[in-house]
Amino acid sequence: MSQLSSCILPSEHNPRQWSRWRRWAIALVVWNLIAPIDMAITFYSGVQQKIQDDLGTTHTLATLGVGLYNLGAMFGVLVGGPLSEHYGRRPVYIFSSICFFLFSLGAAVSPNITTMLLCRGFAGLLGSPVFVVYGGSLADLFSPHEYGPILALFTLVLQGAPTIGPVPSSFLGSFLHWRWLLGLLALWGGLLAALMFFVPETEPTAIARKLAMSQDYIRYTRASLADTPKPNLWSEVLLTPFTMLRHEPILSCTTIFHSFVYGLLFLLLEAYPHIYHFYYSMSREQSGLVFIAPFIGNVLGVLVYFGYLKSHYETPQRAMRVESNGGVELEFEPEARLPGALLASLLIPIGLFWFTLSADPHIHYILSVLSGVPVGAGMTLFQLSLFNYYIDLYPTKSASAIAANTAIRDIVATILPSITLPLYNAMGIRNANMMLACISCIGFPAGIILYVFGRRLRAASRWARQPDIFVSHPGVSAPLLAQGLENRYGGTSSSA
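The structure displayed is predicted, hence computed values, not measured ones.

### Overview of the overall build of the protein
Thinking step 1. Along the protein, the regular secondary structure elements total 23 helices and three strands.
Thinking step 2. For the protein, with 496 residues in total, the buried portion stands at 58%.
Thinking step 3. Considering only residue pairs separated by 6 or more positions, the protein has 82% of its internal contacts joining residues 24 or more positions apart.
Thinking step 4. As presented, the protein carries roughly 19500 Å² of accessible surface, and 68% of it is formed by carbon and sulfur atoms.

Right, dumping it as structure tokens:
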């Protein structure tokens, strides 16, 4: 939440001052909205073979149903995130949910593969803004000390929904036609779209503009808003994610590795059917049930974060005082969120090496299936820690930061399903798996560098949060962070 917005809003209109039940109710409605839109990415994969047979198309074209959804999402998040910071969260939520419902319904009744792919692409394009706007909503509604548990729920649905997506469609595909399954998913989104009309606006500047139209509150807003220059919609709003990627090395480097981690899920969507059919003669529907293991890992990742990491690492981390709501609050430094990402950077290669060594016709398939648990735990733990870090690091631009991250991830997720089979055919199953495991080892040393030198990197950032006063706590795990800064600008502090 920006300083300006926090200061000019009366307490009854400040989202952070609303009752706890109201704030949680808003967050849970948004959480439920994300679920069908995110699950739709991979839900399609569980019935892909049936769609391919029914519409008389090729495997390559049928696979584009996943790729085009991700491609549309790449552009959708880049536009939706910045627009939510300019016009407010509520209009973006309503527009995205309605469009997702309409185009998902169109996919369910598509007479041919061309119509199907177009509807899938537009559903991803217009529905995906919810994937990044939620970060801004949580920052609007909760302080950093409060939004940890609710952010864990969001991370679980963001990573867990596409992970578990192939499981219900693979199972229910034996009883229901694929059109009914896609139609039920569209109906789920439609019900949430109707509910979004009852969700209030939470973006402070949008609330201030609305209050400026009311004579009752004109004294709170008119003067402040008159002094606030309106940003250019194209150069200063829609290009914000690209600008941040270009000028923020923290954002760009973490996004590259996160894209690989996220892309593994979509690579496995095509790799699992190929590997388990080759070694164990499983059908595509049967191999879809294998994703139960990564989903169990998703849940375990959240439990590990809150059961151990949060209490053991965030509390001892050195804190800082920042200006908020016209006063001063004590908040933990953004780097306090990173131990979870470090653990995730170990779990993912462990799971991939496990899968490499256990995927063998002479070894029972259950052993290779279980390798998905540490991979799934690492995926969720990494995203949970990283997005917590982004929201703390970029308090006024969290939606744009998450949008930039999500767009790059979607590019990778668009490409990987189409190159998976050529990759495995060219390198062989064992070599391809070993290559992926080796690439995943890059994350841990890179995370150590960010954890130790994070404060120095933040000092050169335009948008990153800069503290006014540092308070040392016993047990600081990164002593280099205690060194003073020569340049302090950006974020919530005064500019140099």
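### Observations concerning helix H5 (residues 89-108)
Thinking step 1. Helix length check: H5 (20 residues) gives 29 Å between terminal C-alpha atoms against 28 Å at 1.5 Å per residue, within 8%.
Thinking step 2. Among the residues of H5, Arg89, Val92, Tyr93, Ile94, Ser96, Ser97, Cys99, Phe100, Ser104, Gly106, Ala107 and Ala108 are the ones counted as buried.
Thinking step 3. Its buried side turned inward, H5 meets helix H2 (20-46), helix H4 (59-87), helix H6 (113-127), helix H7 (130-141), helix H10 (178-196) and helix H21 (398-427).

### A look at the pattern of salt bridges
Pairing is possible between side chains that carry opposite charge, provided their charged atoms lie close to one another.
Thinking step 1. Enumeration over the complete set of coordinates arrives at four salt bridges.
Thinking step 2. Among the salt bridges present, the one from arginine 458 reaches glutamate 335, with a minimum N-O distance of 3.0 Å. Placement of arginine 458 in helix H23 (residues 443-459) and of glutamate 335 in the loop between strand E2 (327-332) and helix H18 (339-358) is noted, with a sequence separation of 123 residues between them.
Thinking step 3. For arginine 458, a relative accessible area of 0% translates into the label buried.
Thinking step 4. When its relative accessible area of 0% is taken as the criterion, glutamate 335 is described as buried.
Thinking step 5. With a shortest N-O distance of 3.8 Å, aspartate 360 and arginine 430 are connected by a salt bridge. On the criterion of sequence distance, the pair formed by aspartate 360 in the loop between H18 and helix H19 (365-370) and arginine 430 in helix H22 (residues 429-440) is long-range, its members being 70 residues apart.

### Examining the side chain of serine 440
Thinking step 1. In this structure, serine 440 sits in helix H22.
Thinking step 2. A distance of 2.6 Å separates the side chain of serine 440 from the backbone oxygen of alanine 437, its partner in a polar contact.
Thinking step 3. Beyond its immediate chain neighbours, meaning those up to four positions away, serine 440 contacts Phe257, Phe260, Ser345, Ile348, Pro349 and Leu352.

### Remarks on the environment of isoleucine 26
Thinking step 1. Within the element layout of this structure, isoleucine 26 appears in helix H2.
Thinking step 2. Of the residues examined, isoleucine 26 reaches a relative accessible area of 8% and is grouped as buried.
Thinking step 3. Linking isoleucine 26 and valine 199, residues 173 residues apart in sequence, is a C-alpha distance of 6.4 Å.
Thinking step 4. Look past the residues within four positions of isoleucine 26 in its chain and what remains in contact with it is Trp18, Leu141, Val199, Pro200 and Thr202.

### Let's talk about the layout of surface pockets
Once rolled over the atoms, a probe with the size of a water molecule shows which space is left empty.
Thinking step 1. Its volume calculated, the second largest pocket comes out at about 420 Å³.
Thinking step 2. Taken together, 21 residues line the second largest pocket, and the ones lying closest to its centre are Cys253, Thr254, Phe257, Ala446 and Gly447.
Thinking step 3. Those elements giving two or more residues to the lining of the second largest pocket turn out to be helix H15 (249-280), H18, helix H20 (372-393) and H23.
Thinking step 4. Per-element accounting of the lining of the second largest pocket gives the leading share, seven residues, to H15.
Thinking step 5. Looking at the lining of the second largest pocket residue by residue, the class counts come to 17 nonpolar, four polar and no charged.

Conventions we followed
Residues numbered from 1 in each chain as written. Predicted model: local features only at pLDDT ≥ 70, side-chain atom pairs only at ≥ 80, totals over all residues. Heavy atoms only, no water. Helix = DSSP H or I, 4+ residues; strand = E, 2+ residues; numbered from the N terminus. Buried < 20%, exposed > 50% of the residue type's maximum accessible area, 1.4 Å probe, protein only. Contact = heavy atoms within 4.5 Å. Areas by Shrake-Rupley, 256 points an atom, 1.4 Å probe, with all protein chains shown as cover. Expected span 1.5 Å × (residues − 1). Salt bridge = Lys/Arg side-chain N within 4 Å of Asp/Glu carboxyl O. Polar contact = N/O pair within 3.5 Å; in protein donor to acceptor, adjacent residues only side chain to side chain. 1 Å grid on protein atoms, 1.4 Å probe; cavity = no way out; pocket = protein on both sides within 12 Å on 5 of 7 lines; lining within 4 Å. Points joined across faces, edges and corners; volume = space filled by probe spheres on them. Nonpolar A, V, L, I, M, F, W, Y, C, P; charged D, E, K, R; others polar.

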